[in-house]
Amino acid sequence: MIKKLFALLLSVSILLLSGCSLAKEPKAAPNSHRLAGVYLVGTKNGERISPDENWVEYGSQQLDTEFGTLPIPNMILPAVYDDETGNFTFPGVEGFALFEAQVQRGDQSVITSACDLSESYVSVTTTDFGTNYELSGTLYVGQDAADTIWNFYHVYQAADGTIYLDGTGNSCQGSNFSTTVNQEETVKTQEKEGAESTTVKVSITEISETEKIMMHQYNAAGQKLETTQLPVSAEIPALSWHPDAAWAVIEEYHQDGVKRTALDRPVSDPNPVEHTIYVMDENGIGQPSSIILQ
């Protein structure tokens, strides 16, 4: 699973929210909550998460019946946040995170992101008219994911800082599709009224397993100088350009064909050239691996 966590210091004053922890005592219902992102869980039988010993009561709703009004407790699964590592977990539920949240680090309130998807993108834009959150990412899966049902559970953050799942969210089956979740609301403060919007887009893309990787280096006249077979691995050792090389070709061999990518050697830029491939892990998820030429 890919773990990419980063924090953006807020450049404007924001409400200082408390850090998140797994609380066993019932708490008051949040007076507001916002969509922070999604938590993607795959299953073969369509089963959805349901309350267990890790869930807690978080306020209640009023249900009108012929016998009067009855309080129905709200049950949520709070995230556990590790301040040292910056990692979030939802106890008892394994999945792929794509969400952002405001957490307290020392005397500063920061936005931190949990991104377990490839090509993840998180943007937080604050203007005089409100705040816009945009998140996107791709999960690369193998061909055996055709019968997998993907549950896109909504991740919320309450006004008191609690990050949680409540079991809501849509489901899709298979691969090669995208789904988008949106939330828009009006936020009122003592000074002004503004809009807050969140857009989360997740793509599930099927790829075939890489069987072999070859790299060919050529001079400016197009003559092949060197051929190297690379390991199909999550960690590929950095490679060196041939002294006379002007460009290279990466060949990725799959059951359904060969993918070729040309890489130009920089003339004056000292930075290495990088190409990303995807290697299947033991769970059939494509993990990024970098081919670096320097």
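Conventions used here
Residues numbered from 1 in each chain as written. Predicted model: local features only at pLDDT ≥ 70, side-chain atom pairs only at ≥ 80, totals over all residues. Heavy atoms only, no water. Helix = DSSP H or I, 4+ residues; strand = E, 2+ residues; numbered from the N terminus. Contact = heavy atoms within 4.5 Å. Core = buried A, V, L, I, M, F, W, Y, C linked by side-chain atoms within 4.5 Å. Buried < 20%, exposed > 50% of the residue type's maximum accessible area, 1.4 Å probe, protein only. Pairing = 2+ DSSP bridges. Axes fitted to C-alpha atoms, helices over the stretch in contact; angles between N-to-C directions.

Draft legend 1. Inspection of the side chain of E196 at higher detail. Along the chain, the position of E196 falls in strand β14 (residues 193–206). If near-sequence neighbours (up to four positions away) are discounted, E196 is found in contact with R34, T131, Y133, Q183, E184, E185 and V187.

Draft legend 2. View of the nonpolar core. Core analysis: the largest hydrophobic core is formed by 28 residues, its most contacted members being L40, L98, L139, W150, V202 and I204. Every element with two or more residues in this core is listed here: β2 (33–43), β3 (56–65), β7 (96–105), β8 (108–115), β10 (130–141), β11 (149–158), β13 (177–188) and β14. Beyond its immediate sequence surroundings of up to four residues, L40 is in contact with G95, F96, L139, W150, N151, F152, V202 and I204. Within the second largest apolar cluster, 20 residues are counted, among which are V93, A97, V110 and I163.

Draft legend 3. Structural view of the pairing of strand β17 (residues 247–254). In terms of burial, β17 is a largely internal element, 6 of the 8 residues being buried. As judged from the 7 bridges shared by strand β15 (residues 212–218) and β17, these two strands associate in the antiparallel manner. Its bridge partner lying in β17, H216 is registered against V249. The pairing of β17 with strand β18 (residues 257–264) spans 8 bridges and is antiparallel. Each residue of the ladder has a partner; that of I250, found in β18, is T261. The antiparallel hairpin formed by β17 and β18 contains 2 residues in its connecting segment.

Draft legend 4. Broad picture of the sheet that holds β15. The antiparallel open sheet is built from 4 strands, whose spatial order is β16-β15-β17-β18. One side of each edge strand has no neighbouring strand; the edge strands of this open sheet are β16 (224–230) and β18. The average undirected angle you get between the axes of adjacent strands in this sheet is 20°. Pairing of β15 with β16, which is carried by 6 bridges, proceeds in the antiparallel orientation. Bridge assignment links Q217 to a residue of β16, and that residue is E226.

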